[in-house]
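Chain residues, written in single-letter form:
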Amino acid sequence: MFSAIFPILAGVSILCGSIFSLLAAIGIVRLPDLFTRMHAASKAGTMGAGLMFLAVALISFNGPVILRAFVGFVFLLLTAPVSAHLLARAAYFAKQPMTPLTRIDDLKNAPPPNN
Amino acid sequence: MNFAMISLVLALVWVSITGSFSAPNLVMGWIISLIAMWVVRNQMTTPVLITRMRRIIGLIYLFLYELLMSALRVASLVLTPNVNTHLKPGIIAFPVSAKSDVEITLLANLITLTPGTLSVDVAEDRSVIYVHCISVDDKQKVIRDIADGFEAKIIEVFE
């Protein structure tokens, strides 16, 4: 009885995870420049993949698998922001145009990097 | 109370690593955790670990909550028609008071995963993180939110 609830929770979690991933993809298509697109990719994408890890943990009933799902989620949290940050930084210094909607650019006055 | 909590957490870790979720195995893990804690009892008596644990857990909780909020916000933003009319993007300079590499890395990661903000660059002298915001209405408010929220918590954990 009690264990019957886990497949349902896992299903809900997979469904929500795939919706977030889909929205991240739609965001990449719809938003105007790379910087705003990275917002969609980094947040909604991490959330989507994280929920799928959660689903694996819920349904496996297997300690090592749960532990690995958890570790996978932690690595995702560590790497997704770093890649978003590197892409945004590279795009900025490669003079990738920002959307004309952009209001403030404090980075413009900063000295350019050496590397 | 705190020691009981730690021994329970250790027992759960034992159960998940040995891979058998049975009551005898949980009891076994609990006994082993008690023995392990008895071995390191001199180090365990320092309350610093406990308060720091509580702060770390507070930080993790705040972070997961903010991640959920930011994913929901990006999701609703992506689905609005005429998405461009809702955008007021901009890059703002956030003055960092955190010093060490670990703190700055953690802060930059947390900024990226929280609503409406994305860290783009760190100044060479580490005094400023440049943050891309998807919607800037009030630059000072964004800076205040980060400084009072994550940065304060991170400094608490690492002080």
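Before any of the text, the structure's been laid out above.
Keep in mind that this is a model prediction, so the values were computed, not measured. (Residues numbered from 1 in each chain as written. Chains lettered and ligands numbered in written order. Predicted model: local features only at pLDDT ≥ 70, side-chain atom pairs only at ≥ 80, totals over all residues.)

K.L.:
Before we move on, can you summarise the overall build of chain B with the specific residues and values?
P.N.:
Within chain B one finds six helices and three strands. A burial count over chain B gives 30% of its 159 residues as buried. Here the contacts in chain B between residues at least 6 apart in sequence split such that 60% fall between residues at least 24 apart. (Helix = DSSP H or I, 4+ residues; strand = E, 2+ residues; numbered from the N terminus. Buried ≥ 20, exposed ≤ 12 C-beta atoms within 10 Å, placed from the backbone. Contact = placed C-beta atoms within 7 Å.)

K.L.:
I'd like a rundown of the interface of chain A and chain B, residues and numbers included.
P.N.:
One widely used convention gives an interface's size as the accessible area the parts lose upon coming together. With 39 residues of chain A at the interface, the matching set in chain B holds 35 residues. Going through the elements one at a time, helix H1 (5-30), helix H2 (34-60) and helix H3 (63-93) of chain A are the ones with two or more residues in the side of chain A that touches chain B. With twelve residues, H3 of chain A is the single largest residue contributor to the side of chain A that touches chain B. For the side of chain A that touches chain B, the class distribution of residues is 23 nonpolar, ten polar and six charged. (Nonpolar A, V, L, I, M, F, W, Y, C, P; charged D, E, K, R; others polar.)

K.L.:
With reference to specific residues and values, describe H2 of chain A.
P.N.:
Residues and elements named next belong to chain A. Between its terminal C-alpha atoms H2 stretches 38 Å, which fits the 39 Å expected from 27 residues at 1.5 Å a residue. For H2, a buried count of 23 out of 27 residues is recorded, marking the element as mostly surrounded by other parts of the structure. The first or second residue beyond H2 is Phe-61, which carries a positive phi of 50 degrees. (Expected span 1.5 Å × (residues − 1).)

K.L.:
Explain the packing of helix H5 (residues 101-112) of chain B against helix H6 (residues 139-158) of chain B to me, and be specific about the residues and the numbers.
P.N.:
The packing of two helices is summarised by the inter-axis angle and the distance between the axes. Residues and elements named next belong to chain B. Contact pair H5 / H6: the axes reach a minimum separation of 10 Å and the direction vectors enclose 145 degrees. Crossing geometry of H5 relative to H6 is assigned as right-handed. Between H5 and H6, the contacting residues are Val-102, Glu-103, Leu-106, Leu-107, Leu-110 and Ile-111 on the first element and Ile-146, Phe-150, Glu-151, Ile-154 and Phe-158 on the second. Grouping the constituent residues of the contact of H5 with H6 by class yields nine nonpolar, no polar and two charged. (Axes fitted to C-alpha atoms, helices over the stretch in contact; angles between N-to-C directions. Left-handed = near helix turned anticlockwise from the far one by under 90°.)

K.L.:
Please set out the packing of H1 of chain A against H2 of chain A residue by residue, giving values where relevant.
P.N.:
Residue and element names in this part refer to chain A. Contact pair H1 / H2: the axes reach a minimum separation of 8 Å and the direction vectors enclose 165 degrees. Classed by the angle they form, the pair H1 and H2 counts as roughly antiparallel. Regarding H1 and H2, the two cross each other, and that crossing is left-handed. (Parallel < 35°, antiparallel > 145°, perpendicular 65-115°, else oblique.)

K.L.:
Before we move on, could you go through the sheet that holds strand E1 (residues 90-95) of chain B and cite the residues and values that matter?
P.N.:
Residue and element names in this part refer to chain B. The strand order across the open sheet formed by three strands is E1-E3-E2, and the pairing between neighbours is antiparallel. Taken across any chain shown, the strands that pair with only one partner, and hence form the sheet edges, are E1 and strand E2 (117-122). Averaged over neighbouring strand pairs, the angle between their axes works out to 35 degrees when direction is ignored. For E1 and strand E3 (residues 128-133), the ladder comprises six bridges, and the chain directions are antiparallel. Bridged to Ile-92 within E3 is Val-131. Contacts between H5 and the sheet are confined to E2 and E3, with E2 contributing the most and set at about 145 degrees to the helix. (Pairing = 2+ DSSP bridges.)

K.L.:
Give me the lowdown on the pairing of E3 of chain B, citing residues and values where you can.
P.N.:
Residues and elements named next belong to chain B. Burial within E3 is extensive, with five of its six residues counted as buried. Note that E2 and E3 share five bridges and pair antiparallel. Its bridge partner being in E3, Val-122 is matched across the sheet by Ile-129. Hairpin connection, E2 to E3: the antiparallel pair is bridged by five residues, and Arg-126 has positive phi, about 60 degrees.

K.L.:
I'd love a proper account of the nonpolar core, names of residues and values included.
P.N.:
A general feature of soluble globular proteins is that nonpolar side chains tend to end up buried together. Ranked by size, the top nonpolar core spans 52 residues in total, and within it Phe-20, Ala-44 and Ala-88 of chain A together with Val-131 of chain B carry the most contacts. No other element matches H2 of chain A, which puts 14 residues into this core. Ignoring any residue separated from it by four or fewer positions in sequence, one finds Phe-20 of chain A in contact with Ala-44, Met-47, Gly-48 and Leu-51 of chain A together with Ala-71 and Ala-75 of chain B. (Core = buried A, V, L, I, M, F, W, Y, C linked by C-beta atoms within 7 Å.)

What is shown is where atoms sit, not what they do.
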